[in-house]
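# Reading the structure
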Amino acid sequence: MSSDSIVEVRSEDPPDLELVSIKTPPRDAPNSSREKSAAISSPTPSSVTNTTNLANSTSSKDENADKDNKHARRPKDQAFTQQRMKSWEPLLDARYVIVTYLIIGIVFLIVGFVVRNKSNAIIELVKVYETHTTDMNGLTSDDGTKNMEKLDPSSNMEFVSGCEIGDNPNFMYKQNTTCTIQFEVPLDRGDLKPPVLVHYQVNNFYQNYRVYQASYDMGQLLGSLKQDAVSAGLCAPLNIVKNDQGEDIKINPCGLIANTLFNDVFTLESVVGPDGQPIEGAVMNETGIAWKSDLEWKYRQPEGFNAEPCSSLEECSCEGPQWSCTEPYQAPDGTSYRYFYPEDNTTQYLYETYPMVVSPIEGVLNEHFVVWMRTAALPNFRKLYGYIDVVIPAGSVLTFKVQANWAVVQSQSAKSLVVSDNYIFGGKNHWMGTMFIVVGGISTILAVFFFVIQMLYPRKLGDKKYLKYKED
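Cut-offs and rules
- Residues numbered from 1 in each chain as written.
- Predicted model: local features only at pLDDT ≥ 70, side-chain atom pairs only at ≥ 80, totals over all residues.
- Heavy atoms only, no water.
- Pairing = 2+ DSSP bridges.
- Helix = DSSP H or I, 4+ residues; strand = E, 2+ residues; numbered from the N terminus.
- Disulfide = S-S within 2.5 Å.
- Buried < 20%, exposed > 50% of the residue type's maximum accessible area, 1.4 Å probe, protein only.
- Patch = residues over 30% accessible without salt bridge, like charges linked within 9 Å, V, L, I, M, F, W, Y side chains within 5 Å.
- Areas by Shrake-Rupley, 256 points an atom, 1.4 Å probe, with all protein chains shown as cover.
- Salt bridge = Lys/Arg side-chain N within 4 Å of Asp/Glu carboxyl O.
- Axes fitted to C-alpha atoms, helices over the stretch in contact; angles between N-to-C directions.
- Parallel < 35°, antiparallel > 145°, perpendicular 65-115°, else oblique.
- Left-handed = near helix turned anticlockwise from the far one by under 90°.
- Nonpolar A, V, L, I, M, F, W, Y, C, P; charged D, E, K, R; others polar.
- Phe/Tyr/Trp six-rings, centres within 6.5 Å; stacked < 30°, edge-to-face > 60°.
- Contact = heavy atoms within 4.5 Å.

## With respect to the sheet that holds strand E13 (residues 336-340)
Taken together, three strands build an open sheet; the order of strands is E11-E13-E12 and the sheet is antiparallel. A single partner strand is all that each edge strand has here, and the edge strands are strand E11 (306-310) and strand E12 (329-330). In the sheet, E11 pairs with E13 via five bridges, with the strands oriented antiparallel. From the neighbouring strand, glutamate 308 faces E13, where its bridge partner is arginine 338.

Spelled out as structure tokens, the structure:
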């Protein structure tokens, strides 16, 4: 480098800084020159002050620029954004820990025993009307026979016969037959208080398999008639079927979940009180059983669907291209409807797959279908079918008519009908109370353990006044 080499320092921000030229001596310059250069470059108090002012000015301009620039990423100078929030930093001394564990233990034990007693007070009646599983809580032996001696007396679980369909899906619907299941409310357990819940229970059916849970097309459920290759692959093989003429028919909705819908039909025929007289107003409601958010946001009828009520069945004609029905649909309340489904000639809709459960007016908005589509996490599960909104006195007899259509032979599953009342935490569930008791017991044992340690081997704590926390 020559003796006149120049180092130029440019600053683009702020723009009003001047160009500064600093002459540096060559490497082979005399010591005196280097000393002079060092002396010149040594900072003086005034130069340090000027540099500090310049930095402050630059920082101030940066902050002003950040304020003017709405895309600036500098956090605001606030306690929250700069992580200067005040916090509680307790000293975990022996007394504090012992008292905390003791309080947690006492509270959890009290809650646990209360919840357990409330759960045990629930009246739960269970009728198993077909089983082909060896995992029915030990109630079925390896050869398929019922181990009645293993029944829990408090569960009121019983096996009934006459509703078995074997490996014949939709058997009773095709034969137009039904069976009967009766429940008698125990005299020593009190009344069934409303709402009296009616569930169906399935054992040994794995809705939690990943392939099963992913097998649906959300676009179809929201009314779309178009399907991409990814959704079609997820629904396979229950996406397209062949009709009698060998033509391809699209299934809407497609997939394993929708096309394994639990389609046994339960009808409450009568509720007879202990005096032999029918209980007035004892009807089973099948609406309001699905999540409201599911009905509002996850399911829509197909795009182009249309339905129109008629004044009478005789005046309800399906003629014309604006209607796809072959005959009008008559609802349980007597109202007649005509309807139109788009692409009906090449699509099999839900009401055609499960006519015993789903009406053409409801379609995918049928609440039994919506409840089924919310898959269970465990292989043994219950799903709400309906509820009875009157008090059913002890000694009453409930009679249900059952149309069994859901086959359980191949899946080696079991089907049950359950009638129960409920409390604030839902139906009968002894596990919740048990877990509270376990946690409360562990906390109490730890409190006693630390108390004994503190009594036998006390440890002196330093004076807290000498503790200083970091301050800004």
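## Points about the state of the cysteines
Counted under the stated rule, the structure contains four disulfides. Note on cysteine connectivity: cysteine 310 is disulfide-linked to cysteine 316, with sulfurs 2.0 Å apart. Between cysteine 310 and cysteine 316, the S-S torsion sits near 50 degrees, and that sign places the bridge as right-handed. Here cysteine 310 matches cysteine 316 in class, with each residue buried. The disulfide that involves cysteine 318 links it to cysteine 325, with 2.1 Å between the sulfurs. Judged by the torsion about the S-S bond (-105 degrees), the cysteine 318/cysteine 325 disulfide is left-handed. By the burial criterion, cysteine 318 is buried, and cysteine 325 matches it. Each bonded cysteine of the chain is numbered by sequence order, and under that numbering the disulfide pairs are 1-2, 3-4, 5-6, 7-8.

## Concerning a nonpolar patch on the surface
Residues Val448, Phe449, Phe450, Phe451, Val452, Ile453, Met455, Leu456 and Tyr457 make up a contiguous nonpolar surface patch of about 890 Å² in total accessible area. Along the polypeptide, isoleucine 453 turns up in helix H11 (residues 430-456).

## Looking at unusual backbone geometry
Glycine aside, residues mostly have negative phi, and peptide bonds are mostly found in the trans state. Omega for the bond connecting alanine 236 with proline 237 falls within 30 degrees of zero, at 5 degrees, which places this linkage in the cis form. The phi angle at asparagine 176 is positive, at roughly 55 degrees, despite the residue not being glycine. Relative to the helices and strands, asparagine 176 resides in the loop between helix H4 (171-175) and strand E5 (179-184). With a relative accessible area of 68%, asparagine 176 lands in the exposed category. Positioned with a positive phi, glutamine 412 is a non-glycine residue whose angle comes to about 50 degrees.

## Details of the packing of helix H3 (residues 94-120) against H11
Their axes nearest at 7 Å, the elements H3 and H11 cross at an angle of 155 degrees. Here H3 lies roughly antiparallel to H11, going by the angle between them. Along this stretch, H3 crosses H11, giving a crossing that reads as left-handed. Its residues assigned to classes, the contact of H3 with H11 shows 20 nonpolar, eleven polar and one charged.

## Let's talk about the packing of aromatic side chains
With the rule as written, the count across this model stands at 23 aromatic pairs. Judged by centre distance (5.3 Å) and plane angle (40 degrees), the ring pair of phenylalanine 108 and phenylalanine 436 falls under tilted. With phenylalanine 108 in helix H3 and phenylalanine 436 in helix H11, the pair connects residues that are 328 residues apart, well separated along the chain. For phenylalanine 108, a relative accessible area of 29% corresponds to the partly exposed category. Each ring, one from phenylalanine 262 and one from tryptophan 406, has its centre 5.0 Å from the other, and the planes form 50 degrees; the classification is tilted. Residue phenylalanine 262 is found in the loop between strand E8 (248-252) and strand E9 (265-272), and its partner tryptophan 406 is found in the loop between strand E16 (397-403) and strand E17 (414-420); the two are separated by 144 residues along the sequence.

## With respect to the sheet that holds strand E7 (residues 240-242)
Within the open sheet, the three strands sit side by side as E7-E8-E14. Their pairing is mixed. Every interior strand has two partners, whereas the edge strands, E7 and strand E14 (347-349), have only one. Across the sheet, the axes of successive neighbouring strands diverge by a mean angle of 35 degrees, strand direction being ignored. As defined by bridge partners, E8 adjoins E14 across three bridges and the pair is classed as parallel. Across the sheet, residue asparagine 252 finds its bridge partner in E14, namely tyrosine 349.

## Considerations on the pattern of salt bridges
Per the counting criterion, the structure on display carries nine salt bridges. Notably, a salt bridge pairs arginine 382 with glutamate 124, separated by 2.8 Å at the nearest N-O pair. A residue pair is termed long-range when its members are at least 10 positions apart, and arginine 382 in strand E15 (residues 381-388) and glutamate 124 in strand E3 (residues 124-131) qualify at 258 residues. Judged by relative accessible area, which is 34%, arginine 382 ranks as partly exposed. The residue glutamate 130 makes a salt bridge to lysine 415 at a minimum N-O spacing of 3.7 Å. Taken together, the positions of glutamate 130 in strand E3 and lysine 415 in strand E17 put the pair 285 residues apart, joining distant regions of the chain. Lysine 415 shares its class with glutamate 130; the two are buried.

## Some points on the environment of tyrosine 329
In this fold, tyrosine 329 is placed in strand E12. The class of tyrosine 329 is partly exposed, set by a relative accessible area of 22%. Counting along the chain gives 30 residues from tyrosine 329 to serine 359, while the straight-line C-alpha distance between them is 8.2 Å. Non-local contacts of tyrosine 329, meaning those with residues more than four positions away in its chain, are made with Thr335, Ser336, Tyr337, Tyr339, Ser359, Pro360 and Ile361.

Read these as layout, nothing more, since geometry by itself doesn't imply function.
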